[in-house]
Amino acid sequence: MRIGISCYPTFGGSGVVATELAMALATGGDEVHVISYALPSRLSMLCGNLDNPDFSPGPQLYSNLHFHQVGVTHYPLFEYPPYSLALATTMVEVARHQQLDVMHVHYAVPNAVSAVLARQIMAPEPLPVVTTLHGTDITLVGNDPNYLETTRFGIIESDAVTTVSNWLLDMTRNTFGVDKPIEVVPNFIDPSRYERFASRPRRWGAPDERILVHISNFRPVKRVLDVVETFDRIHRRLPSRLLLVGDGPDRAKVEQRCRELGLCDAVTFIGNLPLVEEVLVGADLFFLPSDAESFGLTALEAQACQVPVIGAAAGGLPEVVTDGETGFLLPVGDVDAMAQAALGLLTDRERHQEFGRRARRRAVERFSQDVVVEQYREIYRGVVG
Ligand code: GMT
């Protein structure tokens, strides 16, 4: 098939999932056209690492994976250049000239509406639209009164809609009152990716230090301060190091709290890192205490690396982490309980290893790339007719 994939290019989970899907589809023989305002982080990383033997070749070496940049024209009249229109225009150009069979958009705002507009412009040539809802496009942005009606329109008008968890499906129905069929297609991992790192010596921390990791875009919903508070309680009891991966609006607050708690020497800010397995393989625990994750892709990636998760029992995370088996899920904000659960695992080697093994097994059994990518292909076949 000839598939258009529209996504955000940044480090957020929806862009990562879209890019991984694009590469998997291209590997399976489909022709894929990625559309975004910049080269997505995972694709650019692969481009820049062609000599790195750990990874499959970059997109320019896939003869069937192409990137199309959305050009946004600035004009003095526009305080806000109309990205949604530029995106729809690029979608039409690509669909028309590459004869796309389907347009798959990731993150509803504004991708779904742009795709529906592109489909209308393309008529009578068909351009079926598949929309994957990822989380904050429903819970924080799409439900904002300034975007609600257009987001609802994009969802209703899409030919097929998927959500990444059952929780997000319920949220979508409750928030937008849509009753059309919506399929849950979870996020996925390529199990072999993490195996390539397994034999490596870990890069961070002294040999006696436990390595605890958090990865996010440091937005308030992620509650990174809870990570620091939890770590503080652990660090007082065990030699340990906290690796904070990512960047975003709360970073300054987090740095300040680390200074107040005297943790600066024990916390490493790594910044954005496209290949999260570089820190996850060999780590002891992963923290994800967010107010609500629709899925929690980073928790799945941690589990794929045999790292148990300490997180919040909220949103779709319980669909990814099995409480008491692959990690522990505690009430949002209960940093004492999170620290206690973490210490319980870190001080019992056998139990910790058993949690890690179960985490990896569950990630591979439930969220393997091959199965999920086939689920998407089936949806494409359904809308192409
Ligand atoms: O807000 C974010 O965390 C970024 C956002 C995105 O779309 O890039 O992440 C959402 O999509 C991910 C991929 O499906 C999910 O794993 C994350 O749980 C979800 N984030 C939230 O729901 C907060």
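What you are looking at is a predicted structure, and each value in this text was computed from that prediction instead of being measured.

Asks: Talk me through the domain arrangement of the chain; I want residue IDs and the actual numbers.
Replies: Where the parts come together, the accessible area they lose is often given as the size of the interface. Per the domain assignment, the segments of the chain are domain 1 (2-188 + 368-384) and domain 2 (191-367). Relative to domain 2, the C-alpha centre of domain 1 lies at a distance of 28 Å. Counting from both sides, the interface comprises 24 residues of domain 1 and, opposite them, 27 residues of domain 2. Interface of domain 1 and domain 2: buried area, both sides summed, is about 2000 Å²; carbon and sulfur atoms make up 59% of it. Counting across the interface, domain 1 meets domain 2 through zero salt bridges. The interface formed by domain 1 and domain 2 includes five residue pairs in polar contact (both at pLDDT 80 or more). When contributions to the side of domain 1 that touches domain 2 are tallied by element, the ones reaching two or more residues are α1 (13-27), α2 (41-48) and α7 (166-176). The leading source of residues in the side of domain 1 that touches domain 2 is α1, at four residues. Split by residue class, the side of domain 1 that touches domain 2 holds 11 nonpolar, 10 polar and three charged.

Asks: Go over the packing of helix α12 (residues 297-304) against helix α14 (residues 349-366) with me, naming the residues and quoting the values.
Replies: The interhelical angle for the contact between α12 and α14, taken along N-to-C directions, is 115°, at an axis separation of 7 Å. Along the contact surface, α12 presents Leu300, Gln303 and Ala304, while α14 presents Ala359, Arg360 and Ala363. Taken together, the residues of the contact of α12 with α14 sort by class into four nonpolar, one polar and one charged.

Asks: Help me get a handle on the nonpolar core, residues and values and all.
Replies: With 92 residues, the main nonpolar core has Leu65, Val213, Val279, Leu280 and Phe286 as its most contacted residues. For this core, the element with the most residues is α1, which contributes nine residues. A domain-level breakdown of this core finds at least three residues from each of domain 1 (2-188 + 368-384) and domain 2 (191-367). Each residue touching phenylalanine 286, except ones within four places of it in the same chain, is listed here: Val213, His214, Ile215, Leu280, Thr298, Ala299, Ala302, Val307, Pro308, Val309 and Ile310. Of all hydrophobic cores here, the second largest spans 31 residues; its members include Val228, Ile234, Val254 and Phe328.

Rules and cut-offs
Residues numbered from 1 in each chain as written. Predicted model: local features only at pLDDT ≥ 70, side-chain atom pairs only at ≥ 80, totals over all residues. Heavy atoms only, no water. Domains from an automatic or database assignment. Contact = heavy atoms within 4.5 Å. Buried area = accessible area lost by both parts, 1.4 Å probe. Salt bridge = Lys/Arg side-chain N within 4 Å of Asp/Glu carboxyl O. Polar contact = N/O pair within 3.5 Å; in protein donor to acceptor, adjacent residues only side chain to side chain. Helix = DSSP H or I, 4+ residues; strand = E, 2+ residues; numbered from the N terminus. Nonpolar A, V, L, I, M, F, W, Y, C, P; charged D, E, K, R; others polar. Axes fitted to C-alpha atoms, helices over the stretch in contact; angles between N-to-C directions. Core = buried A, V, L, I, M, F, W, Y, C linked by side-chain atoms within 4.5 Å. Buried < 20%, exposed > 50% of the residue type's maximum accessible area, 1.4 Å probe, protein only.

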